[in-house]
2 protein chains.
Amino acid sequence: MDASEHRDFVEQLLSRYRHATLDRILTLIPDKEPRRYLYSSIRDYVQRGGKGIRPAICIATCVALGGSIAKALNSAAAIELFHNAALTHDDVEDGSTLRRGEATLNAELGNALAMNTGDALNILAIQSLLANAQDQDIKLSKRLLHEFSAMAMETVEGQALELGWIRDNVLGLEQDDYLRLVLKKTCCYTCIYPLRIGALVSGNESIDVDSLNELGLYIGVAFQIRDDWLSLCGDRARFGKEIFADIWEGKRTLMLMHLLAHCPPDDRQWIEAFFRTPRSSRSAEVIRRIFDTMQRCGSLSYAEEAARHFSARAHHEYERIFGQMPENEETRFIRELITYVGERDS
Amino acid sequence: MDASEHRDFVEQLLSRYRHATLDRILTLIPDKEPRRYLYSSIRDYVQRGGKGIRPAICIATCVALGGSIAKALNSAAAIELFHNAALTHDDVEDGSTLRRGEATLNAELGNALAMNTGDALNILAIQSLLANAQDQDIKLSKRLLHEFSAMAMETVEGQALELGWIRDNVLGLEQDDYLRLVLKKTCCYTCIYPLRIGALVSGNESIDVDSLNELGLYIGVAFQIRDDWLSLCGDRARFGKEIFADIWEGKRTLMLMHLLAHCPPDDRQWIEAFFRTPRSSRSAEVIRRIFDTMQRCGSLSYAEEAARHFSARAHHEYERIFGQMPENEETRFIRELITYVGERDS
């Protein structure tokens, strides 16, 4: 089987899970006023592309451990709604203009209505979890709410770190700082909690949910490093976000940290000066020069290597957890997803 | 008993309930990193003044119906945390600079970190409700989560209307539009749901929680009209917010709606032109002129009269619900609070 067949398999299952999740999400959005200023925007936004990696991990884990898609659906919808809320707030916070190939909600509605729409998406996520309580035992439903609120708080802590470092122009960060940031801002809600919640709703009591944390950490780190890399080297149309936006926004990416630690002192000086200037006066020319310097200093290939390293660790964890089980479509999906997230081009 | 004795009584109970609620809130805020960019700001913010009207209504209703302060505390803390989140997001959305007599979080931390702090406050509110499930029966705890998420969604719908009307400069609104807005953006989380949730946690099964809705509506409307009025006629130091900010922000207050409906056509023309200009080019001089025109057209005294009218309707509802019960400190508090919110100067 060649690489494109692996990719097609992953994308086929992503699409199946995404449609099931979206159908559930659409039933949760009220068909009432205020449409123009709230519910129509929500309805449009959740239907924009997006690969649906988070609900897919939740559903596949549930089914792989003996559950069904139906058992995972309210939780998967809650995780995807939370993700949509996080993107909406993130785009306001970063002043981003392009998301999933279209104008961000802040570019479309203005910051105030976009923020408020993000608040509504978070409430819908909670309502999706509460719908769980109707079909599942109430003790499990309470546990899921605890998991979900812990997940949300980790994400907000990660966001606080990232925004704080940008605001105060904190430089001299090391790889451990990056990993701590990514654990919180990305891994928790993208992989760790989707795995944990998928296991909990499967009803399989032989699995210790904490044993899934490292798998989630390594997939999540590979995912984020690839995301950082795509934001510089990706194709705008496929990636759906502005290329070089991370540099313009001052994001502390692995490539930037590598660059500052490995470039000649002269380069370090003008790069630091660039990040001290207010965002509005950063020029496309200097941003391009930072990208060229990253290339020269090996920061881009370093990130590619790091993504491969964390994918390998994720595969190792996968074998530890799922290696003894007979392979089925869902375990295969989780295994192939590890390579997919580290090599995707969108 | 003169007016100041009534006010002292209300303020004494507000203070008692506020301290109990704050103590509970402080136990919910983690003592860990990230402090500087998240938890320290939260800790400081929740300890700023504020009268604590919402948790007080929740606690007093619970006790008045035979419950205890302890039974209401996690819910009261959740409502107050939600209120803090709403203020934080509202101040970013409105670009406000002064709150509770100090710099708003957006003025202090920047918009991005302030937004994120608001997100964290919302998660803490959910965590406070989940703590409930430990001491209360799990069916009640689920019901409280449903009530809370309905309350949050009503508030977000109200906020969507208000922000949408401002963004699109919607004029020609009538008193019914104002009441619909205030029902959603203010009454639900300030009065209606604190009453409902207080009744639910009291354990008193003879009360129909829906019967409390109108009482909450009328107190909430009186509260909001007084708030609108204070934002023009209040004392900046006592009120803790910028005076005239509502006009500058384009808020659809009862006074503005009255003014546009009752001023001479010539005045209407320049006032509408003012709201068509971008916010940054609105001048203090024209804002003052709008205020003077409101005075001349009777819009300010109309609002005072309207607040009295809704207070009277609230008293009528109070009698219907609590009139047959023997009066105690808590029923007296609810009764006197009706007059208090419509006449307060801070």
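Located above this text is the structure these notes cover.
Notes on the structure in this doc start here.

What counts and how
- Along each chain, numbering runs from 1 in the same order as the chain's sequence is written.
- Whichever chain is written first is A, and whichever ligand is written first is 1; the rest continue in order.
- It should be noted that, the model being predicted, local features are given only for residues of pLDDT at least 70 and side-chain atom pairs only at 80 or more, the latter also being counted only at that level, while totals for whole chains, interfaces and linings use all residues.
- To obtain the side-chain values, all non-hydrogen atoms of the structure were included, while hydrogens and water were left out.
- Under the scheme used here, helices are H or I runs from DSSP no shorter than 4 residues and strands are E runs no shorter than 2 residues, and both carry numbers assigned from the N terminus.
- As defined in this context, the radius of gyration uses C-alpha atoms, and a globule is described by 2.2 Å times the residue total to the power 0.38.
- Type-normalised accessible area, obtained with a 1.4 Å probe on protein chains alone, sets the label of each residue: buried when under 20%, exposed when over 50%, and partly exposed for intermediate values.
- Whether two residues touch is decided by their heavy atoms; if any such pair falls within 4.5 Å, the residues are in contact.
- Here, Shrake-Rupley sampling with a 1.4 Å probe gives the accessible areas, and only protein chains in the shown set may cover a residue.
- Counting rule for charge: Lys and Arg are taken as positive, Asp and Glu as negative, and neither His nor the chain ends is counted.
- Each charge is placed at NZ for Lys, CZ for Arg, CG for Asp and CD for Glu.
- For cavity detection a 1 Å grid was placed over the protein atoms alone, and a set of points counts as a cavity when a 1.4 Å probe fits there but cannot get out; an open set counts as a pocket when protein lies on both sides within 12 Å along at least five of seven lines, with lining residues being those that have an atom within 4 Å of a point.
- Grid points are joined across faces, edges and corners, and a volume is the space filled by probe spheres set on the points.
- Put simply, Ala, Val, Leu, Ile, Met, Phe, Trp, Tyr, Cys and Pro go in the nonpolar bin, Asp, Glu, Lys and Arg in the charged bin, and everything else, Gly too, in the polar bin.
- A patch consists of residues exposed above 30% relative accessible area that lack any salt bridge, with like charges linked at up to 9 Å and nonpolar side chains (Val, Leu, Ile, Met, Phe, Trp, Tyr) linked at up to 5 Å.
- Counted as salt bridges are all cases of a side-chain nitrogen of Lys or Arg within 4 Å of a carboxyl oxygen of Asp or Glu.
- Defined by distance alone, a disulfide is two cysteine sulfur atoms within 2.5 Å.
- When two components associate, each loses some accessible surface as probed by a 1.4 Å sphere; the sum of these losses over both components is called the buried area.
- Any pair of N or O atoms that falls within 3.5 Å is considered a polar contact. Within protein, one atom must be able to donate a hydrogen and the other to accept it, and sequence-neighbouring residues count only if both atoms are side-chain atoms.
- The aromatic pairing rule takes the rings of Phe, Tyr and Trp, using the six-membered ring of Trp, and pairs them if the centres are within 6.5 Å, calling planes under 30 degrees apart stacked, those over 60 edge-to-face and the rest tilted.
- Counted as over-ring charges are cases with an Arg CZ or a Lys NZ within 6 Å of the ring centre that also lie within 35 degrees of the ring normal.

### Thoughts on the overall build of chain A
Then comes step 1: Within chain A one finds 16 helices and two strands.
Then comes step 2: The C-alpha atoms of chain A give a radius of gyration of 20 Å, which matches the 20 Å a tight globule of 346 residues would have.
Then comes step 3: Overall, the C-alpha framework of chain A stretches about 60 × 50 × 35 Å when taken along its three principal axes.
Then comes step 4: Within chain A, the fraction of its 346 residues that count as buried is 61%.
Then comes step 5: The contacts of chain A with a sequence gap of at least 6 include a subset with a gap of at least 24, amounting to 73%.
Then comes step 6: When the accessible area of chain A is evaluated, it comes to approximately 13400 Å², of which 49% is carbon and sulfur surface.
Then comes step 7: Averaging the positions of the 41 positive and the 51 negative side-chain charges in chain A gives two centres separated by 3 Å.

### Notes on the layout of surface pockets
Vacant regions in the atomic arrangement are exposed by a probe of water-molecule size rolled over the atoms.
Then comes step 1: Approximately 440 Å³ is the volume attributed to the second largest pocket.
Then comes step 2: If you trace the second largest pocket, you find 27 residues lining it, with A:G110, A:N111, A:A112, B:E93 and B:R279 closest to the centre.
Then comes step 3: Those elements that provide at least two residues to the lining of the second largest pocket are α4 (69–94), α5 (105–109) and α6 (111–135) of chain A together with α4 (69–94), α6 (111–135), α7 (138–167) and α13 (265–276) of chain B.
Then comes step 4: At four residues, the largest contribution of residues to the lining of the second largest pocket is made by α6(A).
Then comes step 5: Looking at side-chain class alone, the lining of the second largest pocket contains 12 nonpolar, seven polar and eight charged residues.

### What to know about empty space enclosed by the protein
Residue and element names in this part refer to chain A.
Then comes step 1: A complete count under the given rule lists six cavities of 30 Å³ or more for this structure.
Then comes step 2: Of the voids in this model, the largest cavity is the one considered here, and its volume is about 90 Å³.
Then comes step 3: Of all the elements, helix α1 (residues 3–28) adds the most residues to the lining of the largest cavity, at four residues.
Then comes step 4: Of the residues that constitute the lining of the largest cavity, the class distribution is four nonpolar, five polar and four charged.

### A closer look at a negative patch on the surface
Then comes step 1: Where like charges cluster on the molecular surface, the negative patch consists of A:D2, A:E5, A:D8 and A:E11.
Then comes step 2: Counting through the fold element by element, A:E11 comes out in helix α1.

### Focus: the state of the cysteines
All names here are of chain B.
Then comes step 1: Inspection of every chain in the model, using the stated rule, returns zero disulfides over all chains.
Then comes step 2: Residue C263 stays outside any disulfide, its sulfur separated by 5.5 Å from that of C297, the closest cysteine.
Then comes step 3: On the basis of relative accessible area, C263 is assigned to the buried category, the value being 9%.

### Thoughts on the interface of chain A and chain B
Then comes step 1: Chain A puts 43 residues into the contact, and the matching count from chain B is 43 residues.
Then comes step 2: On the chain A side of the contact with chain B, A:Y37, A:M115 and A:M153 bury the most area, a combined 15% of that side's loss.
Then comes step 3: At the junction of chain A and chain B, the tally comes to four salt bridges.
Then comes step 4: The salt bridge partner of A:R36 is B:D168, with a shortest N-O separation of 2.9 Å.
Then comes step 5: Linking chain A with chain B are 18 residue pairs in polar contact (both at pLDDT 80 or more).
Then comes step 6: A total of 17 residues in the side of chain A that touches chain B trace back to one element, the largest contributor, which is helix α7 (residues 138–167) of chain A.
Then comes step 7: Class assignment of the residues belonging to the side of chain A that touches chain B gives a composition of 26 nonpolar, seven polar and 10 charged.

### Things to note about the packing of aromatic side chains
All names here are of chain A.
Then comes step 1: Following the criterion strictly, the structure yields 14 aromatic pairs over all chains and no others.
Then comes step 2: Where F82 meets F148, the ring centres are 5.8 Å apart and the plane angle is 80 degrees; that geometry is what we call edge-to-face. Of the two residues, F82 sits in helix α4 while F148 sits in helix α7, which places them 66 residues apart along the sequence.
Then comes step 3: Put simply, the rings of F82, F148 and Y189 touch in pairs and so form one group of aromatic residues.
Then comes step 4: Cation over ring: R100 sits above Y45, and NZ or CZ is 5.7 Å from the ring centre.
Then comes step 5: Seen from the ring of W270, R289 lies directly overhead, with NZ or CZ sitting 3.8 Å from the centre.

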